[in-house]
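Take a look at the letters that make up each chain.
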Amino acid sequence: MIDTEAAWAAVRLLSATWEPWLVVIPGLLIGLVFGAVPGLSISIAMAVFIPITLYMDFVPAILFLTAIFTGGGFGAAIPAILMNIPGASSAVATTFDGYPMACRGEHSAALGIALAASTVGTALGYMLLFLFVDPISSWVLQLGPPEMFVVALWGLTLIAALRDRHFGRGLLAGIIGVLLGTIGMSSRGYIRGTFESIYLLDGIPVIPALIGLFAASELFTLLGSGYLVADEERRRLSFRDILGGVKVALRQPLALIRGSMIGVAIGAVPGVGASVANLVSYTEARRRAAEPDSFGKGNPDGVIASESANSSSEGGSMVTLLALGLPGGAATAVMLGAFMMHNVTGGPRFMADHKDVVYAIIFGNFIQVVLLFAIGLGFVFVASAIVKVPLRFLAPTVMVFSVLGAFSLTGNMVGPVTVFGFAILGYFMRRFDYPVAATVVGILLGGMAEGEFLRTYQLSGGDPLLILGRPITLVLVLLLTASLVYPFVKRLRPGIRTSAKDDAA
Amino acid sequence: MERQETGPSNARRRIDWDHVVFASFLAGFCLWYLIETLSVSTDFQNWLLIAPASLLGLGIYLFIIGAEVLGAGPDPKAPARAGRPPLDVRVLAFMALVGLYVISMPFIGFDTASVLFLVAALRLQGERRWPLVIGYSAVVGLGAAWVFKSMLSVPVPTLLPALQ
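Residues numbered from 1 in each chain as written. Chains lettered and ligands numbered in written order. Predicted model: local features only at pLDDT ≥ 70, side-chain atom pairs only at ≥ 80, totals over all residues. Heavy atoms only, no water.

Caption draft 1: Expanded view of the packing of aromatic side chains. A full pass over the atoms with the stated rule returns 27 aromatic pairs over all chains. On the numbers, 5.7 Å between centres and 10 degrees between planes, the contact of F29 of chain B with Y33 of chain B is stacked. Highlighted residues: F29 of chain B and Y33 of chain B, both in helix α1 (residues 17-40), separated by 4 residues, approximately one helical turn. Each member of the pair, F29 of chain B as well as Y33 of chain B, is classed as buried. Members of the aromatic cluster, connected to one another through ring pairs, are F220, Y427 and F428 of chain A together with F94, Y101 and F117 of chain B. (Phe/Tyr/Trp six-rings, centres within 6.5 Å; stacked < 30°, edge-to-face > 60°. Helix = DSSP H or I, 4+ residues; strand = E, 2+ residues; numbered from the N terminus. Buried < 20%, exposed > 50% of the residue type's maximum accessible area, 1.4 Å probe, protein only.)

Caption draft 2: Inspection of the nonpolar core at higher detail. In this structure, M46, I68, I78, F220 and M399 of chain A together with F117 of chain B are the most contacted members of the largest nonpolar core, which totals 126 residues. Leaving out residues up to four positions away in the same chain, F220 of chain A has contacts with M399, A423, I424 and Y427 of chain A together with V91, F94, M95 and V98 of chain B. Counting 72 residues, the second-largest nonpolar core is a separate cluster that includes L200, A438 and A449 of chain A together with F22 of chain B. (Core = buried A, V, L, I, M, F, W, Y, C linked by side-chain atoms within 4.5 Å. Contact = heavy atoms within 4.5 Å.)

Caption draft 3: Representation of helix α13 (residues 253-267) of chain A. Helix length check: α13 of chain A, at 15 residues, gives a terminal C-alpha distance of 20 Å against a target of 21 Å (1.5 Å per residue), a fit within 8%. Along α13 of chain A, the positions that sit buried rather than exposed are A255, L256, G259, S260, I262, G263, V264, I266 and G267 of chain A. (Expected span 1.5 Å × (residues − 1).)

Caption draft 4: Spatial organisation of the pattern of salt bridges. All names here are of chain A. Summed over the entire model, instances satisfying the criterion amount to 10 salt bridges over all chains. Residues R430 and E218 are paired through a salt bridge, measuring 3.0 Å at the closest nitrogen-oxygen approach. With R430 in helix α20 (residues 414-431) and E218 in helix α11 (residues 206-222), the pair connects residues that are 212 residues apart, well separated along the chain. Under the relative-accessibility criterion, R430 is labelled partly exposed at 23%. Its relative accessible area of 6% is what places E218 among the buried residues. (Salt bridge = Lys/Arg side-chain N within 4 Å of Asp/Glu carboxyl O.)

Caption draft 5: Looking closely at the side chain of S306 of chain A. Relative to the helices and strands, S306 of chain A resides in helix α15 (residues 300-324). Leaving out residues up to four positions away in the same chain, S306 of chain A has contacts with S90, A93, T94, N278 and S281 of chain A.

Caption draft 6: Representation of the packing of helix α19 (residues 391-410) of chain A against helix α5 (residues 130-151) of chain B within the structure. Between α19 of chain A and α5 of chain B, the least distance of the axes is 11 Å, while the angle of their chain directions is 20 degrees. For the element pair α19 of chain A / α5 of chain B, the angle class is roughly parallel. When you trace α19 of chain A past α5 of chain B, the crossing you get is right-handed. Contact with α19 of chain A, carried on its side by F393, T397, V400, F401, L404, G405 and S408 of chain A, involves L132, Y136, V140, A144, A145 and F148 of chain B of α5 of chain B and no other residues of that element. Looking at the contact of α19 of chain A with α5 of chain B, its residues break down into 10 nonpolar, 3 polar and no charged. (Axes fitted to C-alpha atoms, helices over the stretch in contact; angles between N-to-C directions. Parallel < 35°, antiparallel > 145°, perpendicular 65-115°, else oblique. Left-handed = near helix turned anticlockwise from the far one by under 90°. Nonpolar A, V, L, I, M, F, W, Y, C, P; charged D, E, K, R; others polar.)

Here it is in structure tokens:
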């Protein structure tokens, strides 16, 4: 499984020159900044800086881009926790518990938890990549529409978990999101809900919609408040609290491992990635929790689940990139561009002929993880100063960056208009206790669920027994069913134990 | 409209018409989208997800409205709470400002629009120190446009020659 000769060659490759290490720290910082500023994104960062990599050798170039990827993956958690504004779709679930923690004045601890979970998740993701890159790549090749549909369905079940006090409102919010996610041209070629506009052919731009629903509507809600943290006593920067948060996360090894495993598995699936991984991981953590109702109110386990999964999905997406030459999402698509710039094609041939390079990338990322922790500690300490900024300055500033960022994502006014429209919708949803998060989940997964369901139907010719011939689908369906049934079984178990005691008496 | 509860044992609630209107808006979207989808094609592969989802949404809407209009008893799990606060005029004004900001961008440039938006937003929220308002708005508004245009090469339309 592990080619020890290639591993030693990789070590020699990395230690032969300082060049790879000069680029990692700037890469991490760039990723952190782009992830942390609402409106900027990791894929923008990678696209902007990819020309620089032309002057680097292949390994330093990839290490630089993966450093941006890694930094951005954690950076997105910072506004998610401090302002309820996910810096990327991969940090949506981090807002559910990270922001309530921040409102209680536990912002430093929440950031520490997120940093530790991200660091461990990234490390575990690359560890699994190192150990299992060949089996994982052959497994990925067997995935098809039925499997992808089950994964999307798994993520959609989070809608039911987000119901809060009003089950009907939560479900309606999710359904609205699913319908919005299907606007545009379907994979069958049907064009729905576009008002004859070419700008909506690809559907509603997801990130601007997310920015509007989460960020802008939250800013409307915060208007009139003085600061993000009401209590002045709690509005302080505390390195000790950040380290305290790190310890909290490290005391939950099972949660970290579970989130990381989910992240790697889902991250390895092309086109799915971290935006689904954090939702599925959060759903699972909530279902297994002793007190599921504590989720959404500032339970650190929610932050651990989300951040460990979205970070480890980087390792998973590198499997498809290196072993299959397939990009998993926008960021890995940019990395594929870097491959092409250096006349490298990922895939089985690359894996066979350049295993030392693959291992060098993996080992380089292990070092990156350590550097992320060190740099991240300093970065979150500085970033947490945002709680001291009066909201009357913060709110319009964030709005400007959000609108500009939305424009940069779409390249036209559709982005800013989407932000505005969804901001209005998000505000009134919050006002009437409709969970915005449910709509976001629906938008993220609705289109994917429909597309994969459609392709499954076409593959099977309408025969539902197709899944019997697909063992991976069966396993995923069983896992999904088990995760849905588990909370009910857990509730029944005290009753069974009680009646057994009665019988014994 | 605020809810009023007369007591825990025989609580009677007035209909929350604001919520009814909002829920009707959401249901209206479900209905419109269902009709729009079916008008594109009645092929099963077109509506296989949308039709069930829309119909389920409409069903839930009826359930929500039924609960409002029939005046179900108080939710025992709900904490004791005051009525919903009235809509803050400043929030509506801020929404309008954001709308104006977005609409004006293509005409007066992102740089100018951002500066004007920031000035108006700061004043709306009660910041009275004009030097700070103008200075902050200029630095952030122009700085953001410069960062996106010059550093990130995003082709944002700008008005100021220095940012062309």
